[in-house]
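Topology and contacts: notes
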Amino acid sequence: MTQTEGELEQKLIERLTGLGYEPVTLRNAEDLKANLKTQLEKHNGITLSNTEFKSILNHLDKGNVFDRAKRLRDKMELNCDDGTTFYLEFLNTEHWCQNQYQVTNQVTQQGNYKNRYDVTLLINGLPLVQIELKRRGLELKEAFNQINRYQRHSYGADNGLFQYVQIFVISNGVNTRYYANNRKQEFKQTFYWADQENNLITQLEDFADSFLEKCHKSTDRLS
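Residues numbered from 1 in each chain as written. Predicted model: local features only at pLDDT ≥ 70, side-chain atom pairs only at ≥ 80, totals over all residues. Heavy atoms only, no water.

Looking only at helix 4 (residues 65–73), the buried set comprises V65, R68, A69, R71 and L72. Buried residues of helix 4 fall within an arc of 160 degrees about the axis and therefore sit on the same side. Among the structural elements, helix 3 (50–60) and strand 6 (126–133) are those in contact with the buried residues of helix 4. The opening residue of helix 4 is N64, an N-cap whose side-chain oxygen sits 3.1 Å from the backbone nitrogen of F66. (Buried < 20%, exposed > 50% of the residue type's maximum accessible area, 1.4 Å probe, protein only. Helix = DSSP H or I, 4+ residues; strand = E, 2+ residues; numbered from the N terminus. Arc of directions from axis to C-beta. Contact = heavy atoms within 4.5 Å. Polar contact = N/O pair within 3.5 Å; in protein donor to acceptor, adjacent residues only side chain to side chain.)

Given below as structure tokens:
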């Protein structure tokens, strides 16, 4: 039986929730930023004022994709309202299970055009994995081209938080590939994931279990 894109999306979210991702509803950029503040507070054991959080957003909204990937690994020297300094961590790259993992879908971003993204994985509130789905039978290149449009039209809007996406996943349920975020990406740079015996993992749910499991070493690809 052919699954619709919406059915594929919901089954993936259910799978990821079973893997320990917290489902969260984020409809727009304001929701995304409010959630980022909450998750950074939780991860760092700190309460941020609006002024301090604005400083964090300004710190994050700089540079190209490479610069942002590097920034994820570094701590930010945050000048707090009370005159003290706090070293804010965006990612725990040594102990991945100690990060905060969430899954959301249908986030709308308004840039040159309004775009709505299928499934987004967030770590400590930052969108780091974007999954674009097409119904079974459609070519994966359609999903690949759609992500390219998102990058051109809306990823840079609202503090450019979606420019922190490190990995893209494209799938029609039975055929699944991944690739790293870069501005000169081509479809030939997309890859299949494989198990230890080098058997390709193409089914989306199997891919999620292996590649997207939050404490698996494959997650080190985000660092």
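That shown, we press on.
Bringing the confidence of the model for the protein chain into the picture now. Per-residue confidence for the protein chain averages 91 on the pLDDT scale, and 96% of its residues sit at or above 70. Per-element mean pLDDT across the protein chain ranges from 89 in helix 5 (residues 140–153) up to 98 in strand 3 (residues 85–89). This model gives residues 217–223 a pLDDT under 50, and the stretch forms 22 contacts once residues within four places in sequence are excluded. (pLDDT = per-residue confidence, 0-100.)

The next subject is the nonpolar core. Generally speaking, soluble globular proteins have nonpolar side chains that are buried together. Counting residues in each nonpolar core, the largest one holds 61 residues, and the members touching the most others are L16, I56, V119, L121, L126, I131 and L212. With residues up to four places along the chain from it excluded, the contact list for I131 reads L12, D118, V119, L121, V169 and L212. (Core = buried A, V, L, I, M, F, W, Y, C linked by side-chain atoms within 4.5 Å.)

Turning to the packing of helix 2 (residues 29–44) against helix 3, a few remarks are in order. Between helix 2 and helix 3, whose axes approach to 11 Å, the crossing angle comes to 105 degrees. As summarised for this structure, helix 2 and helix 3 are arranged roughly perpendicular, according to the angle between their axes. Seen from helix 2, the contacting residues are K33, L36, K37 and L40; seen from helix 3, they are N50, F53, I56, L57 and L60. A per-class count over the contact of helix 2 with helix 3 returns six nonpolar, one polar and two charged. (Axes fitted to C-alpha atoms, helices over the stretch in contact; angles between N-to-C directions. Parallel < 35°, antiparallel > 145°, perpendicular 65-115°, else oblique. Nonpolar A, V, L, I, M, F, W, Y, C, P; charged D, E, K, R; others polar.)

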